[in-house]
Amino acid sequence: MSSAVKTPLLQVRNLRVEFPTRRGVLTAVDDLSFDIHEGEVLGVVGESGAGKSMTGTAVIGLLEPPGRIAGGEVLLRGRRIDNLPYEELRRIRGKEIGMIFQDPLTSLNPLYTVGRQLVETIRTHSDLSEGRAKARAVELLAEVGIPAPERRVNQYPHQFSGGMRQRVVIALALCANPRLVIADEPTTALDVSIQAQIISLLKRLCSEHGAAVMLITHDMGVIAETADRVAVMYAGRLAEIGPVKDVVKHARHPYTHGLMGSIPIVGQDLDRLTQIDGSMPRLSEIPPGCPFHPRCPRVFEPCDQERPDPIPVENSEVACWLYDDKRSGGGGHG
Amino acid sequence: MFAFLVRRLLQSIVVMLVVGLVAFSLFNFVGDPIHNMVGQEATTEQREELREQLGLNDPFPLQFARFVANAAQGEFGISYRMARPVDVVIAERLPATLELAFVSAFFALFLGVSAGVYAALNRYGWTSRLVMTISLIGVSLPTFLIGILLIWIFAVQLQWLPSFGRGDVVQVGAWRTGFLTESGLRALILPAITLGLFQLTLIMRLVRAEMLEVLRTDYIKFARARGLSNRAINFGHALKNTLVPVITITGLQLGSIIAFAIITETVFQWPGVGLLFIIAIQFVDIPVMAAYLMLIALFFVVINLIVDLLYYAVDPRLRVEAGSARAH
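Cut-offs and rules
- Residues numbered from 1 in each chain as written.
- Chains lettered and ligands numbered in written order.
- Predicted model: local features only at pLDDT ≥ 70, side-chain atom pairs only at ≥ 80, totals over all residues.
- Heavy atoms only, no water.
- Helix = DSSP H or I, 4+ residues; strand = E, 2+ residues; numbered from the N terminus.
- Buried < 20%, exposed > 50% of the residue type's maximum accessible area, 1.4 Å probe, protein only.
- Areas by Shrake-Rupley, 256 points an atom, 1.4 Å probe, with all protein chains shown as cover.
- Salt bridge = Lys/Arg side-chain N within 4 Å of Asp/Glu carboxyl O.
- Contact = heavy atoms within 4.5 Å.
- Polar contact = N/O pair within 3.5 Å; in protein donor to acceptor, adjacent residues only side chain to side chain.
- Pairing = 2+ DSSP bridges.
- UniProt positions renumbered as here; feature names shortened; annotations may be inferred.
- Buried area = accessible area lost by both parts, 1.4 Å probe.
- Disulfide = S-S within 2.5 Å.
- Phe/Tyr/Trp six-rings, centres within 6.5 Å; stacked < 30°, edge-to-face > 60°.
- Lys NZ or Arg CZ within 6 Å of the ring centre and 35° of its normal.
- Patch = residues over 30% accessible without salt bridge, like charges linked within 9 Å, V, L, I, M, F, W, Y side chains within 5 Å.
- Axes fitted to C-alpha atoms, helices over the stretch in contact; angles between N-to-C directions.
- Parallel < 35°, antiparallel > 145°, perpendicular 65-115°, else oblique.
- Left-handed = near helix turned anticlockwise from the far one by under 90°.

**A word on the overall build of chain B**
Okay, so step 1: Of regular secondary structure, chain B possesses 12 helices and 2 strands.
Okay, so step 2: Over its C-alpha atoms, taken along the principal directions, chain B stretches across nearly 85 × 65 × 35 Å.
Okay, so step 3: Expressed as a percentage of the 328 residues in chain B, the buried residues total 42%.
Okay, so step 4: Accessible surface, chain B: about 17100 Å² in total, of which carbon and sulfur atoms supply 68%.

Right, here's the structure in full:
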């Protein structure tokens, strides 16, 4: 990898996110580590509740209390950002890290025109005059493919369709040229016909602006088309991370394997899709050892006792005892 | 917009007609007006003659139509008790009630919204918890008790403020105001607090709840993710969205301030229309009662109309503009 020598844009080290509740502390993200390099698209997949969104929210420092980062660190270009005071972190948000949320219908303030919301964001992060910022807003709207931007800039969010609103949201997230965009299920709430458009728009714009993307989704199809690398999460932990081709074609972790087997492929006539028996444990009932062991088809004796750490396997890292030569006697690589 | 206005105006007229019917029924069903007007010595013939003269033998719809026509011109006949035209009596006393209601409403709105916003933004702070606890008192104590307590503390014990009346007033045209004299202003303080306290706590609790709701929405989260300052988020984005539902309740509350002034005016012997109404009930002074009923209904209708128009000003989603209906 060419970027291996450079400091990664984002480094997440042993991140732990906790939610204190009346019935004890829930750990939504546990000991999670990954890097995102400049200009790279990292897909983060997993079932709902796997901690994907929580990770994105923690990186940008917007966890809702009582949720908190209980351990680990987040570094942006080598500088630690998870312990910054609120005001300093605020300056990073939007400017260095942009974020796009799931539902474009509710992401925009209904009482202000899209122009006002764009101008406000532009002026927060630069010292452009009102007029210049407005001109920039029109440019941005044109860039995200909104027709007649001069007219649309003065309209309210309710006058835009869902897909158009997500385009506005993308313009808002990109308006200060952030180095990293966290896209949290950016197309889940949209019509299937528009999803592909929005994803390709997002990918094109980010590569034009040179921004890296952390694409959180449960749609493996989107990941396969868009991402450079994929991180698979299960019950708040990393199961597997690696280049997209390796993970999709040669899934190593039994969970990833099951995940890939459960995706229908058009034109391929399968009698039935494989399914993973059982369901992901609730945060309050994560089993000891590997959290996946009760559902794992290849479970063996260390799995319910000890928790596997990510083990490098070729270009990937896999958190599974099958790949620990001492434990499995090398029998896992098959 | 114009069609909406016309529709709301028509609805308002229907409401006023219904209230008018109730007010009119007072004359027919609460005692015999003739009996109230003539002395005990009047003969049956005299009574019958008066009945004919006043049109009381006419069919019901005709009498009602006459009542409505007169009411529309502000005429409600002669007060039984004071033997003066009701409209004149009410016009004399209305400024007192309106001044009191205005000051209370301002006090309730200003403090209510500020305290509500404060309590929402500092939701885990001890001051906001304290404010919320105290506000429970405001919500649960009856108005007359608050009034009496205030009189006891500030008028009887401390002797800082007068316990009743309106102080010195100044006639400005047809309006008799207490705003221009020191004693007038001092006399206004206790009744205004008494009348506004319930609304204040209600508005405050409402603003707090709404604001907490708004602060949880996606667009606030997105505004934070865009790096906007707290000030811009809290006051630019959150507060404006909070105000949309608050406007409705507040509008209705302003109506109730005028209506509930009855109790406060009685406690403080405030010479307004509420006190007039209470005395009218004691004397079965039906024209005054009917006029008061119509007046309060009119206030509510007008306030509702204003609230609806305010919605248009605040919320662009309600402004249906021609030619810009959502295009892809």
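Still more to cover.
**Here's the deal with the pattern of salt bridges**
Residues and elements named next belong to chain A.
Okay, so step 1: A full pass over the atoms with the stated rule returns 28 salt bridges over all chains.
Okay, so step 2: Of the charged contacts, one joins Arg13 and Asp35 as a salt bridge, the two residues approaching to 2.8 Å between their closest N and O atoms. Of this pair, Arg13 sits in strand 1 (residues 10-21) while Asp35 is found in strand 2 (residues 24-36), placing the two residues 22 residues apart along the sequence.
Okay, so step 3: Residue classification places Arg13 among the partly exposed residues on the basis of a relative accessible area of 28%.
Okay, so step 4: Where Glu88 meets Arg79, a salt bridge forms, and the shortest distance between an N and an O atom there is 3.4 Å.
Okay, so step 5: Look at the salt bridges and you will find they share partners, linking Arg16, Glu18, Asp30, Arg68, Arg237 and Arg307 into a network.

**Here's the deal with the environment of A:Lys95**
Residue and element names in this part refer to chain A.
Okay, so step 1: Among the structural elements, Lys95 can be located in the loop between helix 2 (86-92) and strand 6 (97-100).
Okay, so step 2: We classify Lys95 as partly exposed; its relative accessible area is 35%.
Okay, so step 3: A sequence separation of 148 residues divides Lys95 from Pro243, and the C-alpha atoms of the two residues are 28 Å apart.
Okay, so step 4: Non-local contacts of Lys95, meaning those with residues more than four positions away in its chain, are made with His125, Ala176, Asn177, Pro178 and Arg179.
Okay, so step 5: Of note is the side chain of Lys95, whose polar atom sits 3.4 Å from the backbone oxygen of His125.

**A few points about the pairing of strand 6 of chain A**
Residue and element names in this part refer to chain A.
Okay, so step 1: Across the two faces of strand 6 the burial is the same, with Ile97 and Met99 and Gly98 and Ile100 all buried.
Okay, so step 2: Pairing of strand 6 with strand 7 (residues 180-184) involves 4 bridges; the strand directions are parallel. Following the sheet pairing, Ile100 is matched in strand 7 by Ala183.

**Brief notes about the sheet that holds strand 5 (residues 79-80) of chain A**
Residues and elements named next belong to chain A.
Okay, so step 1: A sheet is described by the order of its strands in space; here 4 strands give the open sequence 2-1-4-5, paired in antiparallel fashion. If you trace the sheet from one side to the other, it starts and ends with strand 2 and strand 5, each paired once.
Okay, so step 2: The pairing of strand 4 (residues 68-76) with strand 5 spans 2 bridges and is classified as antiparallel. Residue pairing in the sheet places Leu76 in a bridge with Arg79 of strand 5.

**Points about the UniProt feature "domain: ABC transmembrane type-1" (unreviewed entry) in chain B**
Okay, so step 1: Here the UniProt feature "domain: ABC transmembrane type-1" (unreviewed entry) sits at residues 94-311 of chain B.
Okay, so step 2: In residues 94-311 of chain B, helix accounts for 80% and strand for 3%; the two terminal C-alpha atoms are 28 Å from one another.

**Concerning the interface of chain B and chain A**
Okay, so step 1: Taken together, the contact pairs 27 residues of chain B with 36 residues of chain A.
Okay, so step 2: Around 2900 Å² of area is buried between chain B and chain A when both sides are counted, 56% of it from carbon and sulfur atoms.
Okay, so step 3: Its largest share of buried area at the contact with chain A, chain B owes to B:Lys221, B:Phe222 and B:Arg226, together 23% of the area lost on that side.
Okay, so step 4: Counting every contact that joins chain B to chain A gives 1 salt bridge.
Okay, so step 5: Across the salt bridge formed by A:Glu120 and B:Arg226, the nearest N and O atoms sit 3.7 Å from each other.
Okay, so step 6: At the boundary of chain B and chain A, one finds 13 residue pairs in polar contact (both at pLDDT 80 or more).
Okay, so step 7: When residues of the side of chain B that touches chain A are traced back to their parent elements, those giving at least two are helix 9 (218-225) and helix 10 (230-267) of chain B.
Okay, so step 8: With 7 residues, the single largest contributor to the side of chain B that touches chain A is helix 10 of chain B.

**Brief notes about the state of the cysteines**
Residues and elements named next belong to chain A.
Okay, so step 1: The final tally for this structure, using the stated rule, is 0 disulfides over all chains.
Okay, so step 2: No disulfide involves Cys296; its nearest neighbouring cysteine sulfur is the one of Cys320, lying 6.1 Å away.
Okay, so step 3: On the basis of relative accessibility, which here comes to 14%, the residue Cys296 falls in the buried class.
Okay, so step 4: For Cys320, a relative accessible area of 8% corresponds to the buried category.

**Comments concerning the packing of aromatic side chains**
Okay, so step 1: The tally for this structure, following the rule as stated, stands at 12 aromatic pairs over all chains.
Okay, so step 2: Aromatic side chains A:Tyr234 and A:Phe292 sit 5.1 Å apart centroid to centroid with 80 degrees between the ring planes, which places their arrangement in the edge-to-face category. Residue A:Tyr234 is found in strand 9 (residues 229-234), and its partner A:Phe292 is found in the loop between helix 11 (254-261) and strand 11 (311-313); the two are separated by 58 residues along the sequence.
Okay, so step 3: Residue A:Tyr234 is classed as buried on the basis of its relative accessible area, which comes to 2%.
Okay, so step 4: When its relative accessible area of 1% is taken as the criterion, A:Phe292 is described as buried.
Okay, so step 5: Seen from their ring centres, B:Phe24 and B:Phe67 are 5.5 Å apart, and the 45 degrees between their planes marks the pair as tilted. Of the two residues, B:Phe24 is situated in helix 1 (residues 2-29) and B:Phe67 in helix 4 (residues 60-72); the sequence distance between them amounts to 43 residues.
Okay, so step 6: Taken together, the ring pairs in this structure connect B:Phe24, B:Phe60, B:Phe64, B:Phe67 and B:Phe76 into an aromatic cluster.
Okay, so step 7: One Lys or Arg, A:Arg93, reaches over the ring of A:Tyr86 and ends 5.3 Å from the middle of that ring.
Okay, so step 8: The aromatic ring of A:Phe160 is capped on one face by A:Arg152, whose charged end is 4.3 Å from the ring centroid.

**Notes on helix 3 (residues 44-53) of chain B**
Okay, so step 1: Where burial is concerned, little of helix 3 of chain B is hidden: 1 out of the 10 residues are buried.
Okay, so step 2: Directly after helix 3 of chain B, the chain includes B:Gly55, whose backbone phi takes a positive value near 80 degrees.

**Describing a nonpolar patch on the surface**
All names here are of chain B.
Okay, so step 1: On the surface, Phe144, Leu145, Ile148, Leu149, Trp152, Ile153, Val156, Leu158, Trp160, Phe260 and Ile263 cluster together to form a nonpolar patch covering roughly 1000 Å² of accessible area.
Okay, so step 2: For the nonpolar patch, the secondary-structure elements that each account for two or more residues are helix 7 (143-157) and helix 10.
Okay, so step 3: Per-element tally for the nonpolar patch: the top contributor is helix 7, with 7 residues.

**A look at the environment of A:Pro186**
Residue and element names in this part refer to chain A.
Okay, so step 1: Note that Pro186 resides in the loop between strand 7 and helix 8 (192-209).
Okay, so step 2: Pro186 sits in the buried class, given a relative accessible area of 3%.
Okay, so step 3: Separated by 29 residues in sequence, Pro186 and Leu215 have C-alpha atoms that sit 8.2 Å apart.

**A word on the UniProt feature "transmembrane region" (unreviewed entry) in chain B**
Okay, so step 1: Using the residue numbers shown here, the UniProt feature "transmembrane region" (unreviewed entry) corresponds to residues 12-30, 100-121, 133-155, 188-207, 243-262, 268-284 and 291-314 of chain B.
Okay, so step 2: Between the end C-alpha atoms of residues 291-314 of chain B the distance is 35 Å, and the span holds 100% helix and 0% strand.

**Examining the packing of helix 4 (residues 114-125) of chain A against helix 7 (residues 162-174) of chain A**
Residues and elements named next belong to chain A.
Okay, so step 1: Where helix 4 contacts helix 7, the two axes come as close as 9 Å, and the packing angle between them is 15 degrees. When the interaxial angle is binned, helix 4 and helix 7 end up roughly parallel. Between helix 4 and helix 7 lies a crossing whose hand is right-handed. For the pair helix 4 and helix 7, the contacting residues are Val114, Gln117, Leu118 and Thr121 in the first and Val168, Ala171 and Leu172 in the second.

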